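So you can see what is in the structure, the chains are spelled out below.
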Amino acid sequence: MYVKRCLKHIRNIICLAVVAVALFCVMILYRDYSAQLPLKMGLFVIAFQWVLFFATVFRVRVKIHVKKRKKQSSYTTDFVIAVKKHSIFPYKKMEFTLKYKNQYSDEFITEKYKVDLKERSNIKEYIRLRDLKCGIYEVRIEDMIMYDMFGIASMPLRKKCYTKNFEFIVMPAVYDIKMEIDKLKTMTEEEAADYFMESDELSDYAIREFRDGDKLNKIHWKLTSKKDEIMVIHEDVNSEPFVYISYDIRNRQNIHTMYEDCYSQCVKLVHMGVLFYVTWEELGNNGFVLKRKFIRDIAVLDETIVHIMTVTRG
């Protein structure tokens, strides 16, 4: 990349030198004042705009962000390129390299873009990325270069003058899925206590410290041995079984398909009015710990999926 930038600068310098020599040669051939006047004016205009270009390019500011919001609900994302020139200089174009990578991918996708700049001081252009997959995307902007009004001279923008790195989230796609609720995995709260005793939402499982008057058959022996104090299950714990939708995050081979399948099931359960849990494995201090979240509506579901994506970033 560094070699390419150097070659581009050398090419621009050669072009500038050729133009200057050509104009100078024409002026020598046509010594008459009236014949030299257009050439002198042209040379003056080119030289003057070069001076203005190199003097004003340092004031340009470029901000790049997602058009709507950070959390996208489709596999197509629009970016907004906002250019503030802070001058009236008519730059011809802007070039930059955009690199983006899904959290479950190992390599960046690289694309080069050119933006034609107009005479307005504030300019907005849009870029659309297609064929994305669900997950958190890391975006990097590199090698942003501005061109003068004739597209001959160029100057790289300083890194502090433009947006370099940012992120956005793409949610899984939803499709109509055939699902039989009676065949889904279910557990009662008493059964779940054996699996989710180290969860951050321990209070959701109706487990508390032993108090005088508690029945001995309500003691949760597994958690008691873990915490070195007697833990019991509430008397009013819900014994009705809840549906569980499991996100297998550790299987990265088909992870995008897994997200779509599980998310589509969850959305359908919400629309059907079925209360359920989402489960996943999260890396803790002592290895992977099974976690769960009680889903009441789409908002809680989306927050949970974003959390799963965040804690399982590769």
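Before any of the text, the structure's been laid out above.
Everything in this summary refers to the structure shown in the same document. (Residues numbered from 1 in each chain as written. Predicted model: local features only at pLDDT ≥ 70, side-chain atom pairs only at ≥ 80, totals over all residues. Heavy atoms only, no water.)

With respect to the sheet that holds strand β13 (residues 242-247)
Defined as follows: The rule for pairing is simple: two strands pair if DSSP sees at least two bridges between them. Put simply, DSSP marks the helices as runs of H or I at least four residues long and the strands as runs of E at least two long, and each gets a number from the N terminus on. Residue contacts follow a heavy-atom distance rule, with two residues in contact if any of their heavy atoms lie within 4.5 Å. Fitting a line to C-alpha atoms yields each axis, with helices limited to the stretch in contact; the angle taken between N-to-C directions then spans 0 to 180 degrees.
Taken in spatial order, the 4 strands make up an open sheet running β10-β13-β14-β15, and their pairing is mixed. This sheet does not close on itself; its edge strands, each paired only once, are β10 (186-187) and β15 (287-295). Both β13 and strand β14 (residues 276-284) contribute to a ladder of 5 bridges, which runs parallel. The partner of Tyr 244 across the bridge, within β14, is Tyr 277. Helix α5 (residues 255-272) contacts β13, β14 and β15 of the sheet and is inclined by roughly 160 degrees relative to β13. Sheet contacts for helix α6 (residues 298-311): β13, β14 and β15; angle to β14, the most-contacted strand, approximately 20 degrees.

With respect to the sheet that holds strand β1 (residues 61-66)
Pairing is antiparallel across the open sheet formed by 3 strands, whose spatial order is β1-β3-β6. Across the chains shown, the open sheet's two edge strands, defined by having one partner strand only, are β1 and β6 (122-129). Mean inter-strand twist for the sheet, computed between neighbouring axes without regard to direction, equals 20 degrees. Alignment of β1 against strand β3 (residues 77-84), held across 6 bridges, turns out to be antiparallel. Within β3, the position partnered with Ile 64 by the bridge is Ile 81.

Considerations on α6
Here is the rule: Given a helix with a known number of residues, its expected span is that number minus one, times 1.5 Å. Think of it in three bands: with a 1.4 Å probe and only protein chains considered, a residue is buried below 20% of the maximum accessible area for its type, exposed above 50%, and partly exposed in between. Here a polar contact is recorded for every N or O atom pair within 3.5 Å, except that within protein the pair must consist of a potential hydrogen donor and a potential acceptor, and residues adjacent in sequence are included only if both atoms are side-chain atoms.
Here α6 is 14 residues long and its end C-alpha atoms lie 20 Å apart, about the 20 Å a rise of 1.5 Å per residue gives. Where α6 is concerned, the buried positions are Val 300, Leu 301, Asp 302, Thr 304, Ile 305, Val 306, Ile 308 and Met 309. A distance of 3.2 Å separates the backbone nitrogen of Ala 299 from a side-chain oxygen at the start of α6, and that oxygen is part of Asp 297.

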